Amino acid sequence: MGELDELDGYSRTVISVADAVLPSVASLVVRTSRGSGSGSASVITDDRLLLTSAHVVSGASGAEAAFTDGTVVRTDVVGRDPLSDLAVLRARGDVPAPVELGDAASLRVGQLVVALGNPLGLAGSVTAGIVSGLGRSLPVESGRVIDEVIQTDAALNPGNSGGALADSAGRLVGVNTAVAGMGVGLAVPINSTTRQIIAALVSAGRVRRAWLGIAGMQVPLPPKLQGRIGSKTGLQVAGVSPGSPAAEAGLRRGDIMVELDGKPIVTTTAVQRLMVEDAIDRQIEITVWRNSALVDVFARPRELAA
């Protein structure tokens with residue numbers, strides 16, 4: 001009987017994930033005019049692209065990446081997106097094989113996950129835990145939030161940011177981004193939305209988003225309206241930025257948005273999700289509840305300034 005066969009199933013799984021993923025995870029040393037810092041990154045393509053957290057390389061044009069096989073290589077920042085806390089780097093030399101990308105949309109609470117990275121400068125560290133929660137929101141710059149954040153109890157510490165969160169099959173399902181508190185770690189998911197963000201960073205070096213110019217809060221709808229539109233809540237406009245697309249469209253404080261571009265709206269996060277590149281400079285219809293009546297207004301979102 002082999003050594004692995006004598007271990008319990010949990011240990012075998014974690015060891016298998018570590019063997020598969022750890023060679024693809026780099027420890028980063030980042031130097032800027034403000035000083036130096038550290039983080040982690042994962043190789044994600046055969047053409048030397050690495051994925052990390054945007055805050056890890058904030059203010060830097062590149063970083064030094066060191067792998068567990070002894071490879072040390074300089075990397076350049078290809079693109080950085082603070083609003084998703086993701087950044088793509090390109091290595092100047094050869095790097096280990098990429099980790100397989102998974103899909104966080106298939107995760108379930110209680111599922112085993114493994115975090116790999118460079119916590120506290122301890123390169124090649126592995127911790128394991130479970131998915132403690134799904135669908136969390138992580139506030140970032142400009143008052144926006146990252147949707148569908150993964151919560152895990154796998155131990156994360158400074159330096160883990162940018163590192164891999166892998167499932168039991170050794171697939172990258174998240175990018176460790178923050179420590180929320182004792183025993184609580186968060187990771188940006190790898191899903192269809194973040195894959196699009198990564199592709200935009202690779203092709204254009206940035207992510208273009210649309211801007212409407214409202215602040216809002218979720219409120220209950222009048223009973224007679226709930227059945228009519230199929231929702232118990234809507235998004236009440238609490239503020240409209242002067243000169244914004246929302247102001248130009250005639251949106252008012254107190255309006256309750258129930259639909260934007262043909263899709264139900266109940267939270268500011270739902271508006272955020274629709275304010276993508278496709279919405280820039282395109283006329284979109286917004287349905288609001290105003291003075292006990294449904295009113296349609298038309299807005300033309302502009303590109304969100306970087």
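That block above? That's the structure.
This section reports on the structure supplied with the text. Keep in mind that what you see is a predicted model, and the values were worked out from it rather than measured.

**Observations regarding helix H1 (residues 9-21)**
Turning to step 1, where the next piece is worked out: Look at H1: 18 Å from first C-alpha to last across 13 residues, which is about the 18 Å you get at 1.5 Å a residue.
Turning to step 2, where the next piece is worked out: Every buried residue of H1 is listed here: Val-14, Val-17, Ala-18 and Val-21. Buried residues of H1, viewed axially, fall in a sector of 100°; they line one side. Across H1 from its buried face, at more than 90 degrees, point the exposed residues Asp-19 and Ala-20.
Turning to step 3, where the next piece is worked out: Elements in contact with the buried residues of H1: strand E1 (25-32), strand E8 (112-117), strand E9 (125-139) and strand E11 (164-167).
Turning to step 4, where the next piece is worked out: Its side-chain oxygen at 3.1 Å from the backbone nitrogen of Tyr-10, Asp-8 defines the N-terminal cap of H1.

**Section: the environment of Ser-161**
Turning to step 1, where the next piece is worked out: Inspection of the secondary structure assignment puts Ser-161 in the loop between strand E10 (145-152) and E11.
Turning to step 2, where the next piece is worked out: When the C-alpha atoms of Ser-161 and Asp-76 are compared, they prove to be 18 Å apart, with 85 residues separating the residues in sequence.
Turning to step 3, where the next piece is worked out: Looking at Ser-161, its side chain comes within polar contact range of the main-chain oxygen of Thr-177, at 3.2 Å.

**Brief notes about the environment of Val-77**
Turning to step 1, where the next piece is worked out: In this fold, Val-77 is placed in strand E5 (residues 72-81).
Turning to step 2, where the next piece is worked out: Accessibility expressed as a relative area gives 23% for Val-77, which makes it partly exposed.
Turning to step 3, where the next piece is worked out: Not counting chain neighbours up to four residues away, the residues in contact with Val-77 comprise Val-57, Ala-60, Ser-61, Gly-62, Val-88 and Leu-89.

**Observations regarding the sheet that holds strand E3 (residues 49-52)**
Turning to step 1, where the next piece is worked out: Taking strand neighbours around the barrel as the criterion, the six strands line up as E1-E2-E3-E6-E5-E4 in a closed arrangement whose pairing is antiparallel. The average undirected angle you get between the axes of adjacent strands in this sheet is 40°.
Turning to step 2, where the next piece is worked out: The sheet contacts of helix H2 (residues 192-204) involve E3, E5 and strand E6 (86-91), and relative to E6 the element is tilted by about 45°.

**Remarks on the pairing of E5**
Turning to step 1, where the next piece is worked out: In this sheet, E5 lies alongside strand E4 (residues 62-66) in antiparallel orientation, the contact comprising five bridges. Each bridged residue has a counterpart across the sheet, and for Ala-66 the counterpart in E5 is Val-72.
Turning to step 2, where the next piece is worked out: In this structure, the hairpin formed by E4 and E5 is closed by a connection of five residues, where Gly-70 is found at a positive phi of approximately 100°.
Turning to step 3, where the next piece is worked out: Judged from the six bridges that link them, E5 and E6 form a sheet pairing that is antiparallel. Paired with Asp-76 across the bridge in E6 is Arg-90.
Turning to step 4, where the next piece is worked out: With antiparallel pairing between neighbouring strands as the criterion, E5 and E6 make up a hairpin whose turn holds four residues, including Asp-85 at a positive phi of roughly 55°.

**Some remarks on the nonpolar core**
Turning to step 1, where the next piece is worked out: If you look at the biggest cluster of nonpolar residues, it comprises 26 residues, and the most contacted ones within it are Val-21, Leu-51, Leu-116 and Leu-172.
Turning to step 2, where the next piece is worked out: Setting aside residues up to four positions removed in sequence, Leu-51 forms contacts with Ala-41, Ser-42, Ile-44, Leu-86, Ala-87, Val-88, Gly-162, Leu-172, Val-175, Ile-190 and Ile-198.

**Regarding unusual backbone geometry**
Turning to step 1, where the next piece is worked out: Even without glycine at this site, Arg-48 takes up a positive phi of about 70°.
Turning to step 2, where the next piece is worked out: Within the secondary structure, Arg-48 sits in the loop between strand E2 (35-43) and E3.
Turning to step 3, where the next piece is worked out: The backbone of Asn-291 sits at a positive phi, close to 50°, despite the residue not being glycine.
Turning to step 4, where the next piece is worked out: When you line up the elements, Asn-291 lands in the loop between strand E19 (284-290) and strand E20 (293-299).
Turning to step 5, where the next piece is worked out: Classification of Asn-291 by relative accessible area gives exposed; the value is 69%.

**Some thoughts on the pattern of salt bridges**
Turning to step 1, where the next piece is worked out: Applying the stated criterion to the full structure yields 11 salt bridges.
Turning to step 2, where the next piece is worked out: Between Arg-208 and Glu-303 there is a salt bridge whose closest N-O contact spans 3.1 Å. Of this pair, Arg-208 sits in the loop between H2 and strand E14 (210-211) while Glu-303 sits in strand E21 (residues 302-303); the two residues are 95 residues apart in sequence, bridging distant segments of the chain.
Turning to step 3, where the next piece is worked out: We note a salt bridge from Arg-282 to Asp-278, for which the minimum N-O separation is 3.3 Å.
Turning to step 4, where the next piece is worked out: A relative accessible area of 28% places Arg-282 in the partly exposed class.
Turning to step 5, where the next piece is worked out: One connected set of salt bridges, linked through shared partners, spans Arg-206, Arg-208, Glu-277 and Glu-303.

Rules used in this analysis
Residues numbered from 1 in each chain as written. Predicted model: local features only at pLDDT ≥ 70, side-chain atom pairs only at ≥ 80, totals over all residues. Heavy atoms only, no water. Helix = DSSP H or I, 4+ residues; strand = E, 2+ residues; numbered from the N terminus. Expected span 1.5 Å × (residues − 1). Buried < 20%, exposed > 50% of the residue type's maximum accessible area, 1.4 Å probe, protein only. Arc of directions from axis to C-beta. Contact = heavy atoms within 4.5 Å. Polar contact = N/O pair within 3.5 Å; in protein donor to acceptor, adjacent residues only side chain to side chain. Pairing = 2+ DSSP bridges. Axes fitted to C-alpha atoms, helices over the stretch in contact; angles between N-to-C directions. Core = buried A, V, L, I, M, F, W, Y, C linked by side-chain atoms within 4.5 Å. Salt bridge = Lys/Arg side-chain N within 4 Å of Asp/Glu carboxyl O.

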